[in-house]
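One letter stands for each residue in the lines below.
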Amino acid sequence: MSHYFENDQTLASNLKKTTTTLFNKQFIFYTDNGVFAKKGLDYGSRLLLESLPYQDIKGNVLDVGCGYGVLGIVINKLTNCQTDMIDVNKRAIHLTLKNVKENNCQNTTAFYSDCYSMITKKYQTIITNPPIRAGKKIVYEILFKAKEYLEKSGTLYLVIRKEQGAKSTIADLKKEYDVTIINKSKGFYIIKAKNC
């Protein structure tokens, strides 16, 4: 069985156009088989986007495990920050590039990267809805290796569910970051982890 964090070139395509409204703006997202939340914006990502302090997001932004580009595209449209989006799933990157055009984004790039393997610069903000089903090892690589790619004053924002290990993840993050829970809803935690 294929997972959204893998590259399955044999998976049949079923392109769908979805629309979602955030902050009184309408966004269009093309989705497909083999990507996360193919039916449309998931609750965790929506909650993360609705919880972000956009006035504090400046400089370069990186969306890790971008899927079809929701987090990076919305942040880019609301802040106009330089936004890079990466994923290990090539179909996801193809969709992200399509969605960047569809939403008329500026200052954006999307490219294949296995975790941070293709990243060559530092960011003020890294954001992720980590691929929990890929396993703890990959999730922790995304969360803890982020420190290497954050500016000294940079911040990692993420969403994780209580039943997917939110409390133990928060405890572990506190060993490396200054951690604040900025929102909680329906078992989802929105976490701000500041470089320290």
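The coordinates are above.
Given the structure is predicted, the values throughout are model-derived calculations rather than measurements. (Residues numbered from 1 in each chain as written. Predicted model: local features only at pLDDT ≥ 70, side-chain atom pairs only at ≥ 80, totals over all residues. Heavy atoms only, no water.)

Peer 1: For the nonpolar core, give the residues involved together with the corresponding values.
Peer 2: In this structure, L48, L49, L52, V74 and I75 are the most contacted members of the largest nonpolar core, which totals 34 residues. Taken together, the elements giving at least two residues each to this core come down to β2 (25-31), α1 (43-51), α2 (70-79), α3 (90-102), β7 (150-161) and β9 (188-195). In terms of residues, this core owes the most to one element, α2, which gives five residues. What I75 contacts, discounting residues up to four positions off in sequence, is L49, L52, Y54, I57, V61, N80 and I127. If you look at the next biggest cluster of nonpolar residues, it comprises 26 residues, including I119, Y140, L150 and V179. (Core = buried A, V, L, I, M, F, W, Y, C linked by side-chain atoms within 4.5 Å. Buried < 20%, exposed > 50% of the residue type's maximum accessible area, 1.4 Å probe, protein only. Helix = DSSP H or I, 4+ residues; strand = E, 2+ residues; numbered from the N terminus. Contact = heavy atoms within 4.5 Å.)

Peer 1: Could you give an account of the environment of H94, naming the residues involved and the relevant values?
Peer 2: Inspection of the secondary structure assignment puts H94 in helix α3. Note on H94: relative accessible area 55%, which makes it exposed. Taking C-alpha positions, H94 is 9.8 Å from G69, a pair spaced 25 residues apart along the chain.

Peer 1: So what's going on with the environment of K90? Residues and values would help.
Peer 2: With respect to the element layout, K90 can be found in helix α3. Counting along the chain gives 29 residues from K90 to V61, while the straight-line C-alpha distance between them is 20 Å.

Peer 1: Give a detailed account of the pairing of β9, specifying residues and quantitative values.
Peer 2: Of all eight residues making up β9, six are buried, and the element is well covered by its neighbours. The pairing of β7 with β9 spans seven bridges and is classified as antiparallel. Note that in β9 the partner of R161 across the bridge is F188. When strand β8 (residues 177-185) meets β9, the two strands line up antiparallel, connected through eight bridges. Following the sheet pairing, Y177 is matched in β9 by N195. Hairpin connection from β8 to β9: two residues lie between these consecutive antiparallel strands, with K186 at a positive phi of about 50°. (Pairing = 2+ DSSP bridges.)

Peer 1: I'd like to hear about the pattern of salt bridges, residue by residue, with values.
Peer 2: Pairs can form between side chains of opposite charge whenever their charged atoms are close. Taken as a whole and judged by the stated rule, the model has three salt bridges. K121 serves as the salt-bridge partner of D84, at 3.3 Å between the closest nitrogen and oxygen. You can see D84 sitting in strand β4 (residues 83-87) and its partner K121 sitting in the loop between β5 (108-112) and β6 (123-128), a full 37 residues away along the chain. Classification of K121 as partly exposed rests on a relative accessible area of 32%. (Salt bridge = Lys/Arg side-chain N within 4 Å of Asp/Glu carboxyl O.)

Peer 1: Requested: an account of the sheet that holds β6, with residues and values cited.
Peer 2: One open sheet holds the seven strands; their spatial order is β5-β4-β3-β6-β7-β9-β8, and the pairing between them is mixed. Sheet topology places β5 and β8 at the edges, where each strand pairs with a single neighbour. Strand-to-strand twist in this sheet, taken as the mean axis angle between neighbours without regard to direction, amounts to 15°. Where strand β3 (residues 61-64) meets β6, four bridges bridge the pair, whose relative direction is parallel. (Axes fitted to C-alpha atoms, helices over the stretch in contact; angles between N-to-C directions.)

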